[in-house]
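Take a look at the letters that make up each chain.
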Amino acid sequence: MVLVPLARPVVPNDVPVAAAPDYAVLTTAYEEARGFLAGLGDRHVGVAADAATLRSLLGGALPEGQADPARVIAALSRTMDAGLLGTSTGRFFGWVIGGALPVGIAADWLASAWDQNAAAYATSPATSVMEETCGAWLKSLLGLPPGASFAFVTGCQMAHATALAAARHRLLADRGIDVEAVGLSGAPRLRSLTGQTRHESLLRAARLLGLGTQAIETLPCDEQSRLRLDALESALAGDDRPTIICLQAGDMNTGAFDPFAEACALARAARAWVHIDGAIGLWAAASPRLAHLMEGADQAHSWATDGHKWLNVPQDCGYVFIADTAAHRGAFAQATSFAHAVDATRRQLEWGPEWSRRARALPSYAVISSLGRQGIATMLDRSCDLARLLVEGLSRLDGVEVLAWPQINQALVRFLAAGGDHDALTDSVVEAVQAGGEAWFGSTTWRGMRAMRISVCDWRTTERDVARAVEAVRQAIPSAA
Ligand SMILES: *Cc1c(COP(=O)(O)O)cnc(C)c1O
């Protein structure tokens, strides 16, 4: 469909009948998406094209004229393909990047088709009510206080930013400062205590909020990457600065969980706010098998997690929950024209950093509706079982040392070189596996050692994918090593 300029002057009663919109472009997108998804089973997981190739494919001058939308989409699908990383294949184990369940993709399409502005009940009543329900479902799944407030944000980092804004509000309001009105100048300096294995997204959240990274004190962790309670206790002792303690549920490398109950007790005595980064591990609460790992986590003040990782909702999906709903509202609500619209309805913009936005909760609602509590537990348990199977398979290869067995779905191994340069060998094996395209692992530095990180969180992964990945690693280990 091509848009034509309005004929001028428009003659009353003689308006030209516009051609009906042509939605062929949606069929094209559907066919391209189906083709892509159907090919994932055997797709090369890495990317062969380099940046120069991608620039030549996707570059070019700004088009001056119009083009047929269906052709644009078909061409885009083809040119993008060369540079898509196989994160949604079942053989991708890098970083922590989940896949996308078909039901979530479908709901994401509907969210685009409806194009609702999920700012408030007034701008999209169904979206507002759907988010109320989805928030309640998530709290139930994650074992969080039913009265906690929540927001749907872009990812866990913005969940941190939202939670820390509420923490900043509460800690300064308790000291008589209205930070939303007067800002931080003149306020006592906030500090944040985190373990040394904290995720870097916490630092960016602290920067955004004006806390500054220098306000973050890094505390030592034990050999399993859990925050040491003795270090927390002495950091809190005799210090009455407003303090936010950031704990972790599911460390990136080891999947470790901090000792929540003890840490929360120390925090309460010190009137500190406890925030939990549970991008991965908050989901343990949704599996009866793993829920014990989260014991005491409900005592925290705020929790951040992702839908787009382990829940396998498409990208652009983070969740934040805050026990102190007044602090949450205090940080985000303000007088707006929406306030007069419909009372006692959810105005999403009063709970999060954004104004206009898409119906971001819709794919989560659809995924939870489709899997139910039991299906979600099964998906989580499967990932853990497959992670164990994968590490067991790797541990049987010559020269593999397991640095961290999976407690949940994350693990670390490294490769031992006869000459002793394990770091160089580990990097070269990871690179060789990536180049081979059968499987994809990332690398990291853990306790001073280079390691290959394993993250199993794609619903698509099967035992066969695990076997293929183990074989790909076997072939990447030089026989002389
Ligand atoms: C991925 C991750 C984050 C950041 O989440 P985004 O959704 O990428 O913003 C924070 N913490 C941990 C432990 C993570 O794995």
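Residues numbered from 1 in each chain as written. Predicted model: local features only at pLDDT ≥ 70, side-chain atom pairs only at ≥ 80, totals over all residues. Heavy atoms only, no water.

1. Brief notes about the sheet that holds strand β11 (residues 449-455)
- In space, the four strands of this open sheet follow the order β8-β9-β11-β10, with antiparallel pairing throughout. Edge positions in the sheet fall to β8 (400-404) and β10 (442-446), since each of these pairs with one other strand and no more. Pairs of neighbouring strands in the sheet enclose a mean axial angle of 40°, with direction left out of account.
- Along the sheet, helix α13 (residues 422-436) contacts β9 (410-415), β10 and β11; its crossing angle with β11, the most-contacted strand, is approximately 35°. (Pairing = 2+ DSSP bridges. Helix = DSSP H or I, 4+ residues; strand = E, 2+ residues; numbered from the N terminus. Axes fitted to C-alpha atoms, helices over the stretch in contact; angles between N-to-C directions. Contact = heavy atoms within 4.5 Å.)

2. Observations concerning the pattern of salt bridges
- Following the criterion strictly, the structure yields 25 salt bridges and no others.
- The partner of Glu-350 in a salt bridge is Arg-347, with the nearest N and O atoms 3.2 Å apart.
- The exposure class assigned to Glu-350 is buried, which follows from its relative accessible area of 3%.
- On the basis of relative accessibility, which here comes to 11%, the residue Arg-347 falls in the buried class. (Salt bridge = Lys/Arg side-chain N within 4 Å of Asp/Glu carboxyl O. Buried < 20%, exposed > 50% of the residue type's maximum accessible area, 1.4 Å probe, protein only.)

3. Brief notes about the site of the ligand
- Neighbouring the ligand are 13 residues; Gln-157, Asp-277, Asp-306, His-308 and Lys-309 lie closest to it.
- In the environment of the ligand, an oxygen atom lies 2.8 Å from a nitrogen or oxygen atom belonging to the backbone of Cys-156.
- Surface burial for the ligand is 84%, taken as the share of its 380 Å² of free accessible area covered by protein chains.
- Broken down by element, the residue count for the shell around the ligand peaks at three residues, all from helix α6 (residues 156-173).
- Residues that form the shell around the ligand fall into these classes: four nonpolar, six polar and three charged. (Near = heavy atom within 4 Å. Polar contact = N/O pair within 3.5 Å; in protein donor to acceptor, adjacent residues only side chain to side chain. Areas by Shrake-Rupley, 256 points an atom, 1.4 Å probe, with all protein chains shown as cover. Nonpolar A, V, L, I, M, F, W, Y, C, P; charged D, E, K, R; others polar.)

4. Description of the side chain of Ser-128
- Here Ser-128 is to be found in helix α5 (residues 125-142).
- Since its relative accessible area comes to 0%, Ser-128 is described here as buried.
- Looking at Ser-128, its side chain comes within polar contact range of the main-chain oxygen of Arg-346, at 2.8 Å.
- When near neighbours in sequence (up to four residues on either side) are disregarded, Ser-128 contacts Ala-120, Tyr-121, Arg-346 and Gln-348.

5. Side note on the layout of surface pockets
- What the largest pocket holds in volume is close to 1,100 Å³.
- Around the largest pocket, the lining comprises 29 residues; the ones closest to its centre are Ala-33, Phe-36, Leu-84, Ile-105 and Trp-109.
- It is helix α1 (residues 24-38) that contributes the most residues to the lining of the largest pocket, eight residues altogether.
- Of the residues contributing to the lining of the largest pocket, the split by class is 18 nonpolar, eight polar and three charged. (1 Å grid on protein atoms, 1.4 Å probe; cavity = no way out; pocket = protein on both sides within 12 Å on 5 of 7 lines; lining within 4 Å. Points joined across faces, edges and corners; volume = space filled by probe spheres on them.)

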